[in-house]
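One letter stands for each residue in the lines below.
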Amino acid sequence: MSEAILKINDLKVNYGGIEAVKGISFDVPAGEIITLIGANGAGKSSTLRAIAGLVKPASGSIVFEGDDITGKDPTAIVTKGITLVPEGRKIFPDLTVLENLRIGAYLRNDDLTDDLNWVYDLFPRLKERSWQEGGTLSGGEQQMLAVGRALMSRPKVIMMDEPSLGLAPIIVRGIFDIIKEINKQGVTVLLIEQNANMALKTADIGYVMETGRITMSGAGSELLTNEEVKKAYLGA
């Protein structure tokens, strides 16, 4: 296993009087695909939002490449090399595909040509529709755009919150193929996914979250065959 690029230590996240994340700890090894699975309300999205700087942790620490980034603002975290593809895509519907992608690079002041070509190689459909408004794309194309926009910041770690949500099965398979390709090209992936079967087949390591706590962990292939996981999340 590679050395951890990201370390979560005893992380707690509260919303008012509700403790959404109850002191979780886990490592994200560099160059691997890590998935968090669990029911709605388990605390998965809150975990990603805390890492991204969108919510302030109540306690605990988030360490990226040896630097404590706990509670830093989102701009600083993107600059460090962590990006989030949010649930629901959150693209800019009135802007073109190209404009959406350029927004992903808003903190950069260098030439974007190579990175645009990289995104277009991953998602040829986006190149075909580069002058089309984002809101006119299909759901699958909008998800491609959300991922492409995140890649434009040249992240070391890309976090994805429910990338397959609402997509047809054939499109879901394509999205997971792209996740594997992004990872092959050196980007570490931290993934939340309702489709636990696809997530565990894709991930090197999986963590199961229940009511704000990590209750199980292991290689993705091991969790796929775990009877408790099969019963709770795989429909077996």
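None of these values were measured; they are calculated from a predicted model.

Enquirer: Let's hear about the nonpolar core: which residues, and what values?
Expert: Counting residues in each nonpolar core, the largest one holds 46 residues, and the members touching the most others are Ile158 and Ile182. If near-sequence neighbours (up to four positions away) are discounted, isoleucine 182 is found in contact with Leu122, Val147, Leu151, Ile158, Met160 and Val187. Counting 30 residues, the second largest nonpolar core, distinct from the first, contains Ile24, Ala50, Ile192 and Tyr207.

Enquirer: Describe in detail the layout of surface pockets, supporting the description with residues and values.
Expert: The computed volume of the largest pocket comes to approximately 440 Å³. Surrounding the largest pocket, 19 residues form its lining, Val78, Leu84, Pro86, Tyr106 and Arg149 being those nearest its centre. At the level of secondary structure, the elements contributing two or more residues to the lining of the largest pocket comprise helix 2 (74-80), strand 6 (82-85), helix 3 (97-104) and helix 6 (139-151). Element by element, the count of residues in the lining of the largest pocket is highest for helix 2, at four residues. Grouping the amino acids of the lining of the largest pocket by side-chain chemistry returns 13 nonpolar, four polar and two charged.

Enquirer: Requested: an account of the side chain of serine 164, with residues and values cited.
Expert: The residue serine 164 is located in the loop between strand 7 (157-161) and helix 7 (169-184) in this model. Polar contacts involving the side chain of serine 164 include one to the side chain of glutamate 193, which spans 2.4 Å.

Enquirer: Pulling in residues and values, what's your account of helix 3?
Expert: Those residues of helix 3 lying buried are Val97, Leu98, Asn100, Leu101 and Gly104. Here the buried residues of helix 3 occupy an arc of 160° about the axis, which is enough to place them on one side. Looking at the packing, one finds that the buried side of helix 3 touches helix 4 (113-122), helix 5 (124-128) and helix 6.

Enquirer: Go over the sheet that holds strand 2 (residues 18-29), please, and point to the residues and values.
Expert: Within a sheet, each strand pairs with its neighbour through backbone hydrogen bonds, oriented either parallel or antiparallel. Across the sheet, which stays open at both edges, the four strands sit in the order 2-1-4-5 with antiparallel pairing between neighbours. Either end of the sheet is taken by a strand with one partner, and the two such strands are strand 2 and strand 5 (67-68). Pairing of strand 4 (residues 59-64) with strand 5, which is carried by two bridges, proceeds in the antiparallel orientation. Residue pairing across strands places phenylalanine 64 opposite aspartate 67, the latter belonging to strand 5.

Enquirer: Got a sec to walk through the packing of helix 3 against helix 4? Specific residues and values, please.
Expert: The N-to-C vectors of helix 3 and helix 4 enclose an angle of 125°; their axes lie 11 Å apart at closest approach. With respect to their mutual orientation, helix 3 and helix 4 come out oblique. Pair helix 3 / helix 4 crosses with right-handed handedness. Here Leu98, Leu101 and Arg102 of helix 3 come into contact with helix 4, specifically with Leu116, Val119 and Tyr120. When grouped by side-chain class, the residues that make up the contact of helix 3 with helix 4 number five nonpolar, no polar and one charged.

Enquirer: Tell me about the pattern of salt bridges, and name the residues and values.
Expert: Per the counting criterion, the structure on display carries twelve salt bridges. Of the charged contacts in the structure, one is a salt bridge between aspartate 27 and lysine 7, with a shortest N-O distance of 3.3 Å. Of the two residues, aspartate 27 is situated in strand 2 and lysine 7 in strand 1 (residues 4-15); the sequence distance between them amounts to 20 residues. Aspartate 27 gets classed as partly exposed once you look at its relative accessible area, which sits at 29%. As a salt-bridge pair, arginine 125 and glutamate 141 come within 3.0 Å of each other at their nearest N and O atoms. In this pair, arginine 125 sits in helix 5 while glutamate 141 sits in helix 6, placing the two residues 16 residues apart along the sequence. By relative accessible area, arginine 125 is classed as partly exposed at 37%.

Scoring rules and cut-offs
Residues numbered from 1 in each chain as written. Predicted model: local features only at pLDDT ≥ 70, side-chain atom pairs only at ≥ 80, totals over all residues. Heavy atoms only, no water. Core = buried A, V, L, I, M, F, W, Y, C linked by side-chain atoms within 4.5 Å. Buried < 20%, exposed > 50% of the residue type's maximum accessible area, 1.4 Å probe, protein only. Contact = heavy atoms within 4.5 Å. 1 Å grid on protein atoms, 1.4 Å probe; cavity = no way out; pocket = protein on both sides within 12 Å on 5 of 7 lines; lining within 4 Å. Points joined across faces, edges and corners; volume = space filled by probe spheres on them. Helix = DSSP H or I, 4+ residues; strand = E, 2+ residues; numbered from the N terminus. Nonpolar A, V, L, I, M, F, W, Y, C, P; charged D, E, K, R; others polar. Polar contact = N/O pair within 3.5 Å; in protein donor to acceptor, adjacent residues only side chain to side chain. Arc of directions from axis to C-beta. Pairing = 2+ DSSP bridges. Axes fitted to C-alpha atoms, helices over the stretch in contact; angles between N-to-C directions. Parallel < 35°, antiparallel > 145°, perpendicular 65-115°, else oblique. Left-handed = near helix turned anticlockwise from the far one by under 90°. Salt bridge = Lys/Arg side-chain N within 4 Å of Asp/Glu carboxyl O.

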